[in-house]
Amino acid sequence: MGLFSKDIATLQDLFLHQLQDVYYAENQITKALPKMIEKATAPELREGFETHLRETEGQIRRLEKAFDSLGEKPKAVTCPAIDGIIKEANETAGEIADKAVLDAALIAAAQAVEHYEIARYGTLVAWGQQLGHGAAVALFEETLAEEKATDEKLTQLSTRANAKAEAVGADA
Ligand code: FE
Ligand code: FE
Ligand code: FE
C-alpha cells in the first residue's frame, strides 16, 4: 500500500480504501442521526434512531479495531454516496410540513442508509475473507448483523408510520 500514492493497484488496496470509505460514512451517520432524532415524532422512531446512534458509535470503534488488526491507522476517505443519501434526506425533509409524512420520509431515508451500509459491509466481508483478514471479517460481520436488524426494525416501524402518513389530508 503506497503511503504517498492514491493509486489502488491491488485488491488489498481496494479493501483498505473501502474500509476508509466506510469509516467516513459511519462518522457522517453519527452526525446525521441526532438531526433525524430531532425531526422524528413517533416515540418508537425516536427511540429506534437513538438506539442506532449508540450502535453506530460502537461500529466506529469496531472499524478502528479492524484497522488495528490490519496494522493500519484509522483513516477516512470521503464517501460521496453517504453524503448524497444524507443530503437528499435533508432536502426532502425540508419540503415536508406534516409530522406524520415526515416520519415516513425519515424511515425511508434511514433505510437507504442501512441498505448502503449492508452493501458495503457485505463487500468488506467478502474481500476480507478473500485476503485472509479473519479478525477484521469477524468485526464486519457483527456490524453487518446490526445494520440488517436495524433495516428490519425500520420496516416494522414503517407499517404504522405509513398508515398515519396516508391518513394526513384524508378527511379533506
Ligand atoms: Fe453503521
Ligand atoms: Fe462509499
Ligand atoms: Fe446503520
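**Student:** Describe in detail the nonpolar core, supporting the description with residues and values.
**Tutor:** Within the largest apolar cluster, 27 residues are counted, with the highest numbers of intra-cluster contacts made by Met36, Leu45, Phe49, Ile82 and Leu106. Those elements giving two or more residues to this core turn out to be helix H1 (11-39), helix H2 (43-69), helix H3 (80-94), helix H4 (99-131) and helix H5 (134-167). Those residues in contact with Phe49 that sit more than four places away from it in its chain are Leu33, Met36, Ile37, Ala40, Leu106, Ala110 and Leu154. Core analysis: the second largest hydrophobic core is formed by 19 residues, Phe15, Tyr23, Leu63 and Val137 among them.

**Student:** Account for the coordination of the iron ion (ligand 1), with residues named and values stated.
**Tutor:** Summarising the metal site, the iron ion (ligand 1) is bound by the protein donors Glu26 (OE), Glu26 (OE), Gln59 (OE1), Glu117 (OE) and Glu147 (OE), whose distances to it range over 2.0 to 2.3 Å. One chain supplies every donor for the iron ion (ligand 1), spaced along it as E-x32-Q-x57-E-x29-E. A spacing of 3.1 Å is found between the iron ion (ligand 1) and the iron ion (ligand 3), which share Glu117 as a donor. Of the two residues, Glu26 sits in helix H1 while Glu147 sits in helix H5, which places them 121 residues apart along the sequence. Assessed through its relative accessible area of 0%, Glu26 is described here as buried. Overall, the relative accessible area of 0% leaves Glu147 in the buried class.

**Student:** For the coordination of the iron ion (ligand 2), give the residues involved together with the corresponding values.
**Tutor:** The protein atoms that coordinate the iron ion (ligand 2) are Asp21 (OD), Asp21 (OD), Cys79 (SG) and Tyr116 (OH), at distances spanning 1.8 to 2.4 Å. Geometry at the iron ion (ligand 2) is irregular, judged from the 4 donor atoms that bind it and their angles of 56 to 157° at the metal. Read in sequence order, the donor residues coordinating the iron ion (ligand 2) give the pattern D-x57-C-x36-Y. Of this pair, Cys79 sits in the loop between H2 and H3 while Tyr116 sits in helix H4; the two residues are 37 residues apart in sequence, bridging distant segments of the chain. We note that Cys79, like Tyr116, is buried.

**Student:** Now, about the side chain of Asp21: what can you tell me, with residues and values included?
**Tutor:** Its place among the elements puts Asp21 in helix H1. Nearest to the buried, unbridged Asp21 among oppositely charged side chains is Arg120, at 4.8 Å. Excluding anything up to four places from it in sequence, Asp21 contacts Val77, Thr78, Cys79 and Tyr116.

Rules used in this analysis
- Residues numbered from 1 in each chain as written.
- Chains lettered and ligands numbered in written order.
- Predicted model: local features only at pLDDT ≥ 70, side-chain atom pairs only at ≥ 80, totals over all residues.
- Heavy atoms only, no water.
- Core = buried A, V, L, I, M, F, W, Y, C linked by side-chain atoms within 4.5 Å.
- Buried < 20%, exposed > 50% of the residue type's maximum accessible area, 1.4 Å probe, protein only.
- Helix = DSSP H or I, 4+ residues; strand = E, 2+ residues; numbered from the N terminus.
- Contact = heavy atoms within 4.5 Å.
- Donors = N, O, S within 2.8 Å, 3.2 Å for Na, K, Ca; no water.
- Tetrahedral: all angles 85-135°; square planar, octahedral: opposite > 155°, others 65-115°.
- Lys, Arg positive; Asp, Glu negative; His and termini not counted.
- Salt bridge = Lys/Arg side-chain N within 4 Å of Asp/Glu carboxyl O.

Nothing here speaks to function; it is all geometry.
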